[in-house]
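Chain residues, written in single-letter form:
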Amino acid sequence: MAYRLGLVLEGGAHRTVFSVGVMDALLDAGIHADYVIGASAGITYGASYLSGQKGRNREMLRRFVRSPRYMGFHQLLNPFNGSFYNMKYVFDTIPNKLLPFDYEAYDANPARKLAVLTELATGDPAYVEVTSEDHSWPVLKATCALPILFRTVKLDGVEYADGGIADSIPYEKAMADGCEKLIVILTQKRSYRKGVEKMMGLAVNKYKRRCPGYTEKLLTRHTRYNATIEAIAKHEAAGEIYVIAPEDTLGVSRTEKDLDKLMTLYAQGYSIAAQQMHSLQNYLQK
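Residues numbered from 1 in each chain as written. Predicted model: local features only at pLDDT ≥ 70, side-chain atom pairs only at ≥ 80, totals over all residues. Heavy atoms only, no water.

A. View of the overall build of the chain. Broken down by element type, the chain carries 12 helices and eight strands. The C-alpha radius of gyration of the chain comes to 18 Å, within 12% of the 19 Å expected for a compact globule of 286 residues. Considered along the principal axes of its C-alpha atoms, the chain spans approximately 50 × 40 × 35 Å. Within the chain, residue pairs in contact and separated by at least 24 positions form 74% of the contacts whose partners lie at least 6 positions apart. Summed over its atoms, the accessible surface of the chain is roughly 12500 Å², and 52% of this surface lies on carbon and sulfur atoms. Side-chain charges of the chain comprise 35 positive and 31 negative groups, with the mean position of each set lying 7 Å from the other. (Helix = DSSP H or I, 4+ residues; strand = E, 2+ residues; numbered from the N terminus. Rg over C-alpha atoms; globule rule 2.2 N^0.38 Å. Contact = heavy atoms within 4.5 Å. Areas by Shrake-Rupley, 256 points an atom, 1.4 Å probe, with all protein chains shown as cover. Lys, Arg positive; Asp, Glu negative; His and termini not counted. Charge placed at Lys NZ, Arg CZ, Asp CG, Glu CD.)

Quick look at the structure:
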C-alpha cells in the first residue's frame with residue numbers, strides 16, 4: 001500500500017517540544033500525514049497531532065511538567081511505579097481527566113499510526129500500531145521505556161523497552177512501507193553526533209547476561225544513530241525527504257523543567273516550520 005505523506009518523529013523526551021511546535025505549524029497549514037511513525041516521545045506527542053489537537057502538548061507541559069506528580073527520582077524509587085515518570089498520571093490521569101484527549105478524532109483519522117519498540121529478547125525493532133482501544137496507552141508506555149529510568153513493558157507476553165534503542169529515526173521503515181513523500185522531524189541539530197552515554201553502560205551491566213541482543217543494541221546505539229543521520233542527509237540532498245531540525249536545542253535536557261526554555265524551543269519549532277512552509281509545500285507538490 002502506498003501512502004501520500006509520511007511523518008517520522010525522533011524521540012528525545014522533553015526536547016521533543018521542538019517537534020510539538022513543528023506539528024502545530026503543520027496543523028495550521030492543513031498538512032495531515034496519512035502515515036505517522038516515531039520512537040518514544042516522538043510518537044507519544046504525535047498522538048495529539050493525529051487527533052488534531054493543536055496546542056494540547058504545549059499546554060500539557062506548561063501545566064504539569066513541574067509537578068512532583070509528573071516525574072522525579074521519587075517516582076523512580078516508588079515500588080508501585082518504578083519509572084522516572086509517574087506512568088499512571090502521565091498516560092491515564094492527564095489524558096483522561098485533566099487535559100482530555102480527543103479519542104473520537106484520533107480514531108476517525110485514517111492515518112496509519114506506528115510506534116517503534118525494542119524487543120528485549122532480541123534487540124530488534126518492533127513496529128506496533130498505536131490504537132486507542134486501551135485508554136492507558138500501553139504501546140506508548142513501551143516505546144518510552146528508556147533503560148534504567150523506566151521499567152520495561154510487557155505486551156502480549158513480550159518484553160519491550162524504548163524504541164529509540166533499536167531504531168531512533170525510523171525513516172527506512174516509512175520508506176519500505178511505501179510513503180511517497182516523507183517529512184522527518186529531528187530533535188537535535190543537524191550537526192549533532194551521538195557519543196557513548198553513561199546510562200547505556202549501566203543498562204549493559206543490567207542486561208548483558210539476560211538479553212545479549214538488546215545489550216548489543218545498547219553498545220552500538222551511538223554509531224547506528226550517527227550512521228542514520230548521515231543517511232538522512234544524503235536522502236535530503238537528493239530531494240527524497242524533507243528534514244526539519246532545531247537550530248539550537250537551548251540546552252534542554254530529557255527531563256527539562258525550565259518552562260521558559262521549553263516554551264522557547266516550542267516557539268522555535270513552530271517558527272522554523274512556518275518559515276520553511278513554502279519550500280515544504282514545493283517539496284510536497286513535486
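B. A look at the pairing of strand 4 (residues 125-129). When strand 3 (residues 112-119) meets strand 4, the two strands line up antiparallel, connected through five bridges. The residue bridging V116 from the neighbouring strand is Y127, located in strand 4. Hairpin connection, strand 3 to strand 4: the antiparallel pair is bridged by five residues, and G123 has positive phi, about 85°. (Pairing = 2+ DSSP bridges.)

C. How the structure looks around empty space enclosed by the protein. Under the defined criterion, the tally for this structure stands at two cavities of 30 Å³ or more. The volume enclosed by the largest cavity comes to roughly 600 Å³. As for the largest cavity, its lining consists of 39 residues, and the residues nearest its centre are A13, S40, A41, T44 and C144. Contributing elements (two or more residues each) for the lining of the largest cavity: helix 2 (41-50), helix 3 (56-64), helix 5 (87-98) and helix 10 (212-237). Take the lining of the largest cavity: its biggest share by element is five residues, from helix 2. Its residues placed into classes, the lining of the largest cavity shows 20 nonpolar, 12 polar and seven charged. Taken as a whole, the second largest cavity encloses approximately 40 Å³ of empty space. If you trace the second largest cavity, you find it lined by V20, M23, D24, L27, Y45, S48, Y49, Q53, K54 and N57. Among the secondary structure elements, those contributing two or more residues to the lining of the second largest cavity are helix 1 (17-28) and helix 2. When residues in the lining of the second largest cavity are grouped by element, the largest group, four residues, is from helix 1. (1 Å grid on protein atoms, 1.4 Å probe; cavity = no way out; pocket = protein on both sides within 12 Å on 5 of 7 lines; lining within 4 Å. Points joined across faces, edges and corners; volume = space filled by probe spheres on them. Nonpolar A, V, L, I, M, F, W, Y, C, P; charged D, E, K, R; others polar.)

D. Geometry of the nonpolar core. By size, the foremost hydrophobic cluster in this structure holds 91 residues, and its most contacted members are L7, Y49, Y70, Y85 and V184. Per-element tally for this core: the top contributor is helix 1, with eight residues. If you look at the next biggest cluster of nonpolar residues, it comprises 10 residues, including L120, I165, M200 and V204. (Core = buried A, V, L, I, M, F, W, Y, C linked by side-chain atoms within 4.5 Å. Buried < 20%, exposed > 50% of the residue type's maximum accessible area, 1.4 Å probe, protein only.)

E. Seen up close, the packing of helix 9 (residues 198-207) against helix 10. Look at helix 9 against helix 10: their axes get within 9 Å of each other, and the N-to-C directions meet at 165°. The angle between the axes of helix 9 and helix 10 places the two elements in the roughly antiparallel class. For helix 9 against helix 10, the interelement crossing comes out left-handed. Taken together, the residues of helix 10 that come into contact with helix 9 (itself represented by M200, A203, V204 and Y207) are P212, Y214, T215, L218, L219 and R221. Here the contact of helix 9 with helix 10 is composed, by residue class, of eight nonpolar, one polar and one charged. (Axes fitted to C-alpha atoms, helices over the stretch in contact; angles between N-to-C directions. Parallel < 35°, antiparallel > 145°, perpendicular 65-115°, else oblique. Left-handed = near helix turned anticlockwise from the far one by under 90°.)

F. Quick look at the state of the cysteines. In total, this model carries zero disulfides according to the counting rule given. In this structure C144 is a free cysteine whose sulfur lies 20 Å from that of C211, the closest cysteine sulfur available. (Disulfide = S-S within 2.5 Å.)

G. Local environment of helix 1. Between its first and last C-alpha, helix 1 extends 17 Å over 12 residues, near the 16 Å set by a 1.5 Å rise per residue. Across the 12 residues that make up helix 1, a large majority, 11, are buried. Taken residue by residue, helix 1 has V17, F18, S19, V20, G21, V22, M23, D24, A25, L26 and L27 as its buried positions. Trailing helix 1 by a residue or two, G30 shows a phi angle of about 75°, which is positive. (Expected span 1.5 Å × (residues − 1).)

H. Region of the structure containing the packing of helix 3 against helix 11 (residues 259-275). Where helix 3 meets helix 11, the closest approach of the two axes is 10 Å, and the angle between their N-to-C directions is 170°. With respect to helix 11, the axis of helix 3 lies roughly antiparallel. Here helix 3 contributes R58, L61 and R62 to the contact with helix 11, which in turn contributes L259, M263 and Y266. Here the residues of the contact of helix 3 with helix 11 are counted per class, giving four nonpolar, no polar and two charged.

I. Spatial organisation of the layout of surface pockets. In this model, the largest pocket occupies a volume close to 190 Å³. Around the largest pocket sit 13 residues that line it, and V128, E129, P138, V139 and L155 are the ones nearest its centre. Put simply, the parts of the chain that give the lining of the largest pocket at least two residues each are strand 4 and helix 7 (138-143). Of the residues forming the lining of the largest pocket, the biggest block, three residues, is contributed by helix 7. Residue classes in the lining of the largest pocket are distributed as eight nonpolar, one polar and four charged. Looking at the second largest pocket, its volume works out to about 150 Å³. As for the second largest pocket, its lining consists of G164, A166, D167, S168, I169, P170, Y171, E172, R221, R224, Y225 and T228. Looking at the lining of the second largest pocket, the elements that each hand over two or more residues are helix 8 (171-176) and helix 10. Of the residues assigned to the lining of the second largest pocket, the class counts are five nonpolar, three polar and four charged.

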